[in-house]
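# Close look at the chain arrangement
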Amino acid sequence: MAAAAELSLLEKSLGLSKGNKYSAQGERQTPVLQTNNGPSLTGLTTIAAHLVKQANKEYLLGSTAEEKAIVQQWLEYRVTQIDGHSSKNDIHTLLKDLNSYLEDKVYLTGYNFTLADILLYYGLHRFIVSIIVTGFFSVVFRMIFKTLS
Amino acid sequence: MRLFVSEGAPGCLPVLAAAGRARGRAELLITCNPSTLGGRDCVVPFLTRPKVPVLQLDSGNYLFSTSAICRYFFLLSGWEQDDLTNQWLEWEATELQPALSAALYYLVVQGKKGEDVLGSVRRALTYIDHSLSRQNCPFLAGETESLADIVLWGALYPLLQDPAYLPEELSALHSWFQTLSTQEPCQRAAETVLKQQGVLALRPYLQKQPQPSSPEGRAVTNEPEEEELATLSEEEIAMAVTAWENGLESLPPLRPQQNPVLPVTGERNVLITSALPYVNNVPHLGNIIGCVLSADVFARYSRLRQWNTLYLCGTDEYGTATETKAMEEGLTPQEICDKYHIIHADIYRWFNISFDTFGRTTTPQQTKITQDIFQRLLTRGFVLQDTVEQLRCERCARFLADRFVEGVCPFCGYEEARGDQCDKCGKLINAVELKKPQCKVCRSCPVVQSTHHLFLDLPKLEKRLEEWLGRTLPGSDWTPNARFITRSWLRDGLKPRCITRDLKWGTPVPLEGFEDKVFYVWFDATIGYLSITANYTDQWERWWKNPEQVDLYQFMAKDNVPFHGIVFPCSALGAEDNYTLVSHLIATEYLNYEDGKFSKSRGVGVFGDMAQDTGIPADIWRFYLLYIRPEGQDSAFSWTDLLLKNNSELLNNLGNFINRAGMFVSKFFGGYVPEMVLTPDDQRLLAHVTLELQRYHQLLEKVRIRDALRSILTISRHGNQYIQVNEPWKRIKGSEADRQRAGTVTGLAVNIAALLSVMLQPYMPTVSATIQAQLQLPPPACSILLTNFLCTLPAGHQIGTVSPLFQKLENDQIESLRQRFGGGQAKTSPKPAVIETVTTAGPQQIQALMDEVTKQGNIVRELKAQKADKNQVAAEVAKLLDLKKQLAVAEGKPPEAPKGKKKK
């Protein structure tokens, strides 16, 4: 999913009515948002966090210092690890790690649903087919369904 | 909370700077308590790849992202997140880090310099500079320094602290960087992490990291990768099948072994030399892979190709160092040489080095040949005489070699400067400039006297050398470093080289007035190859004065290139006696030990004689050294890697395949190779194996020893896959057709094993012989390797008893070896150290926590009583456990070990 489409989807789920236009920049096609009242913003997670604030849903960025740091950590994970790797081996390792991390958790921060869950879900979307085929990443699965509902 | 750091991990810089900076505001008590974690590299339980720094929070959660840790420290101190900071951090993670890790890897691990390093980060640096100057702010996200500055500064510091990598023209970046670098928390972090060693402090960490991918393509490694199978044409497949079917009959007769080996007209005559190891040092693994072992692989390969091969080596015995050693041990130089020559010979025998002759340089032949070459040079006017000022000790009645003088350094005043270099300021010293010089032997004061020396007139020979190189280099297999070193010597212009020394232990100079002098080792050491051959056969000139028929391969480490590529060829060309000159100069880079250098004096590293006591067989040493052969770039010996490669490549890949193939023949077919009916898939496999075999030949013909080893492992991987897919152990129980299929698969597999045994022979001769004995491979097939894959074990062939080839290496075993050989470096091995960051907990906080535990306990009990949803109960239980843990920490008790089921 192109970053612009992903951000539009996020806008909808956040209940933001006015759709933004995004441009893409560089080899990695990094999304850029031109805001009315300030400089442009570059980068998927940066823009996503900005949209969350716009929708007055700051709790999606975490409520304690710890949660906030964890949310940002997984957002970074999304753009560096999940987007960065495409070999089968890497993906396998990545899913295994996530599965092991989520074993005793409901969401990435523990018990609260956050932006990290949304963007990881979007990011993992393209691997879902292979998850169903291999069939044993149950917890990632669970996370995906929770996110969907 | 606990912060896990590791020696040389670049991420520690921003994290420590952020911690230091936030401390003032957040009332955090940071105590540094660097205790080791007993080799636990992997701190975060759910991450497959080890990651440091890591912050373990009191809740049990982990922050494993450097930026997230820094962010957390800032958040604790009351800072609020903003878009601009987020943007910088996202840019840092996605754009800067990849470029920067590549640059650091080139600089620190590969030793590249200048634009090779800067090239990959220049764009990112320019971007920061432009942003700073455009927004006209001193800091990245505004008027004050903030999270983004610390994270970016920390990432850039290792590189930019060297002014060479902070381009002048980026002035905004320049002043931003300087401002931050002078701040106290940053300074302290820099000192802690870089320890005033500059960027090299990152070496222990970076060396262990995989090479970052870069647009310029990947480095040469032997790591298995996703092998893309080449597409094969019908012709290739058909040819492979024909060759296979011809089988043993296509093998030529075995060359009869000659003694001595002499060149044969009309044959390929390969003369192989390995640099002569200096006698008074026990060779370490780096010396062994650098010359004798590399040359051995090529010699064995050359014999497998039925080329007429002579491989020779010997000990280099003359020189100052031997005299010194003799003095130390109270023996004569000759006795020292006799003693150490045997030590060398024993080591190489243990490593299974297949010399045709292993000689020494202290022989009458050496004197005869050296003096002959000298006389020829002298009469042809290529020897100069000159006067040199030198220190002479009257009491010892001799001129002092540099290393026999000590005194006060003329530059820094250090009292114990050596005659060639000051240990304190590192400057090179001319021995006569030393203040208060002392003879190291008798401690009396030497005097400056002028003395005559002989010089080889290299400038006069330069033109001949260039002509010869012009003829030799194109199309030859000189390694790139050998070409480079030779070219750079020529570019700088050759200078006359002194070829005499004031010593007794050397080849005498046959000239009046030079009775007290001998030839300098680098003039006559390379002549050692000739004299060693002369001691092996009186027909030595058929090898050494026969450039038309002999192909000379010389193996060495790169420091030896000037003597073999410049000096000896000049002597030989000047002597005008039709000498055989090097056709292929094969030079390796250096092998390091773990994170540093091998050092006899510090007892660091594995030396030839010790390898035998490790319990690890010689073939495993050979395999690993060849697998990491410093071919094209420096490499490092690592115990952990040795264990890994033994257990993965040898045990699980190669050993597993060969053993299974043999076992299937024994178990399912009574020890007789079954009938094979090849399907199109089998034929395709044949062609793939053939292709890989041809690759192996191409690589070894170019002496790319390490790369060729990879072909062996690739074939074995194909083999494993083939067995795995076809499951002969299941089919053998099935229908007639299934049983026939099991037979074909087993037969083809065992033939691949036979092929591998031959390909493996240059690398692991003992293992190769063991496989061949187990498979009862017919003798000609053991000693000849063609470019095609033949069926050497036809249906009906009876094999012998099959048993496992390799043993697993255990962690404990390797760890204890590491301790034993680590020397001083074991202490600095980069195990993660822990820095405890403890929040001060007063009695009130403890009371508050106790209350919360009680409260949470009630919630859990209620839920359980109501038989509530399982997930909900689990969540509340987890909260309770967290609280209990926090309480334990606050009370200073060790947290209880988690009870209950173990996670898988």
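Scroll up to find the structure.
Residues numbered from 1 in each chain as written. Chains lettered and ligands numbered in written order. Predicted model: local features only at pLDDT ≥ 70, side-chain atom pairs only at ≥ 80, totals over all residues. Heavy atoms only, no water.

## A closer look at the overall build of chain A
- Summing up its helical and strand segments, chain A has seven helices and three strands in all.
- When its helices and strands are written in sequence order, chain A yields α-β-β-β-α-α-α-α-α-α.
- Counting across all 149 residues of chain A, residues that qualify as buried make up 53%.
- For chain A, long-range pairs separated by at least 24 residues make up 59% of all intrachain contacts whose partners lie at least 6 apart in sequence.
- When the accessible surface of chain A is split by element, carbon and sulfur atoms take 54% of a total near 7000 Å². (Helix = DSSP H or I, 4+ residues; strand = E, 2+ residues; numbered from the N terminus. Buried < 20%, exposed > 50% of the residue type's maximum accessible area, 1.4 Å probe, protein only. Contact = heavy atoms within 4.5 Å. Areas by Shrake-Rupley, 256 points an atom, 1.4 Å probe, with all protein chains shown as cover.)

## Observations concerning the pattern of salt bridges
Residues and elements named next belong to chain B.
- Scanning the model with the defined rule gives 39 salt bridges over all chains in all.
- Among the salt bridges present, the one from E576 reaches R464, with a minimum N-O distance of 2.8 Å. Of this pair, E576 sits in the loop between α19 (561–575) and β18 (584–588) while R464 is found in helix α14 (residues 458–472), placing the two residues 112 residues apart along the sequence.
- Classification of E576 as partly exposed rests on a relative accessible area of 41%.
- Measuring nitrogen to oxygen at the nearest pair gives 2.5 Å for the salt bridge that ties D641 to K645. Here D641 and its partner K645 are both found in helix α22 (residues 639–669), four residues apart, which amounts to about one turn of the helix.
- Judged by its relative accessible area of 5%, K645 is buried.
- A single salt-bridge network, built from bridges that share partners, covers D372, R376, E541, K545 and D577. (Salt bridge = Lys/Arg side-chain N within 4 Å of Asp/Glu carboxyl O.)

## Focus on helix α4 (residues 115–135) of chain B
Residue and element names in this part refer to chain B.
- Between its first and last C-alpha atoms α4 spans 29 Å; for 21 residues at 1.5 Å apiece the expected length is 30 Å, and the two agree.
- A maximum bend of about 50° is found in α4 at V121.
- Every buried residue of α4 is accounted for by V117, L118, V121, A124, L125, I128, D129, S131 and L132.
- On its buried face, α4 is in contact with α3 (83–109), α5 (147–160) and α6 (171–181).
- Just past α4, the residue N136 takes up positive phi, approximately 55°. (Expected span 1.5 Å × (residues − 1). Bend = angle between axes of the 7 residues up to and from the residue.)

## Regarding the nonpolar core
- Counting residues in hydrophobic clusters, the biggest one holds 179 residues, and the most contacted among them are F637, W639, Y696 and Y763 of chain B.
- In contact with F637 of chain B, not counting residues within four places along its chain, are L285, L591, N592, Y593, E594, W621, Y624, I628 and L642 of chain B.
- Counting residues in hydrophobic clusters, the runner-up holds 125 residues, among them V71 of chain A together with L159, C186 and A190 of chain B. (Core = buried A, V, L, I, M, F, W, Y, C linked by side-chain atoms within 4.5 Å.)

## A few points about the interface of chain B and chain A
- Facing the 33 residues of chain B at the interface are 36 residues of chain A.
- Both faces considered, chain B and chain A share a buried interface measuring about 3000 Å² in area, 50% of it formed by carbon and sulfur atoms.
- Interface area lost by chain B to chain A is led by F46, D83 and E90 of chain B, which between them contribute 20%.
- The interface formed by chain B and chain A holds one salt bridge in total.
- Residue K53 of chain A pairs with D83 of chain B through a salt bridge whose shortest N-O separation is 3.2 Å.
- Here chain B is connected to chain A by 16 residue pairs in polar contact (both at pLDDT 80 or more).
- Contributions of two or more residues to the side of chain B that touches chain A are made by β4 (62–63), α2 (66–76), α3 and α31 (870–890) of chain B. (Buried area = accessible area lost by both parts, 1.4 Å probe. Polar contact = N/O pair within 3.5 Å; in protein donor to acceptor, adjacent residues only side chain to side chain.)

## A look at the sheet that holds strand β8 (residues 383–393) of chain B
- Pairing in this open sheet of four strands is antiparallel, and the strands run β9-β8-β13-β14 (chain B) from one edge to the other. Since the sheet does not close on itself, it has two edges, and those belong to β9 (398–399) and β14 (497–498) of chain B, each with one partner. (Pairing = 2+ DSSP bridges.)

## With respect to the packing of helix α3 (residues 65–82) of chain A against helix α4 (residues 88–102) of chain A
All names here are of chain A.
- Between α3 and α4, the least distance of the axes is 12 Å, while the angle of their chain directions is 165°. Judged on the interaxial angle alone, α4 and α3 are roughly antiparallel. Crossing handedness for the pair α3 and α4: left-handed. Residues I70, W74, Y77, Q81 and I82 of α3 pack against L94, D97, L98 and Y101 of α4.
- Its residues placed into classes, the contact of α3 with α4 shows seven nonpolar, one polar and one charged. (Axes fitted to C-alpha atoms, helices over the stretch in contact; angles between N-to-C directions. Parallel < 35°, antiparallel > 145°, perpendicular 65-115°, else oblique. Left-handed = near helix turned anticlockwise from the far one by under 90°. Nonpolar A, V, L, I, M, F, W, Y, C, P; charged D, E, K, R; others polar.)

## Notes on the pairing of strand β7 (residues 357–360) of chain B
Residues and elements named next belong to chain B.
- Neither face of β7 is left uncovered, since the one carrying T357 and G359 and the one carrying F358 and R360 both have all their residues buried.
- Note: strand β6 (residues 308–315) against β7, four bridges, orientation parallel. Looking at the pairing, T315 lines up with R360 of β7.

## What to know about the packing of aromatic side chains
- Using the criterion set out here, one finds 42 aromatic pairs over all chains in the structure.
- Pairing Y121 of chain A with Y122 of chain A gives two aromatic rings, centres 6.1 Å apart and planes at 50°, and the pair type is tilted.
- What makes Y121 of chain A buried here is its relative accessible area of 10%.
- Owing to a relative accessible area of 11%, Y122 of chain A belongs among the buried residues under this scheme.
- Note on Y348 of chain B and F355 of chain B: the rings are 5.9 Å apart at their centroids and 90° apart in plane angle, and the pair reads as edge-to-face. Each member of the pair, Y348 of chain B as well as F355 of chain B, carries the same accessibility label: buried.
- Following the ring pairs from residue to residue traces out a cluster consisting of W74, Y77 and Y101 of chain A together with F46, Y62 and F64 of chain B.
- In this arrangement the basic side chain of R392 of chain B is found over the ring face of F399 of chain B, its NZ or CZ atom lying 5.1 Å from the centre.
- Across from the ring centre of Y520 of chain B, 3.9 Å away, lies the NZ or CZ of R501 of chain B, which sits over that ring. (Phe/Tyr/Trp six-rings, centres within 6.5 Å; stacked < 30°, edge-to-face > 60°. Lys NZ or Arg CZ within 6 Å of the ring centre and 35° of its normal.)

## Section: the packing of helix α9 (residues 234–246) of chain B against helix α23 (residues 680–701) of chain B
Residues and elements named next belong to chain B.
- It is the contact of α9 with α23, at a shortest axis distance of 8 Å, that shows an interaxial angle of 85°. Comparing their axes, α23 and α9 come out roughly perpendicular. On α23, the residues that touch E236, I237, A240, V241 and W244 of α9 are Q683, R684, L686, A687, T690 and L691.
- For the contact of α9 with α23, the residue count by class is seven nonpolar, two polar and two charged.

## Some remarks on the state of the cysteines
Residues and elements named next belong to chain B.
- According to the stated counting rule, one finds zero disulfides over all chains in the structure shown.
- No disulfide involves C396; its sulfur sits 3.6 Å from the nearest other cysteine sulfur, which is in C393.
- For C396, a relative accessible area of 25% puts it in the partly exposed group. (Disulfide = S-S within 2.5 Å.)

## A few points about the pairing of β6 of chain B
All names here are of chain B.
- Counted residue by residue, β6 has eight buried out of eight residues, so it is predominantly covered.
- Both faces of β6 are covered, namely the face carrying N308, L310, L312 and G314 and the face carrying T309, Y311, C313 and T315.
- Relative to β6, strand β5 (residues 269–274) runs parallel, the two being bridged by five bridges. Pairing of N269 across the sheet is with N308, part of β6.

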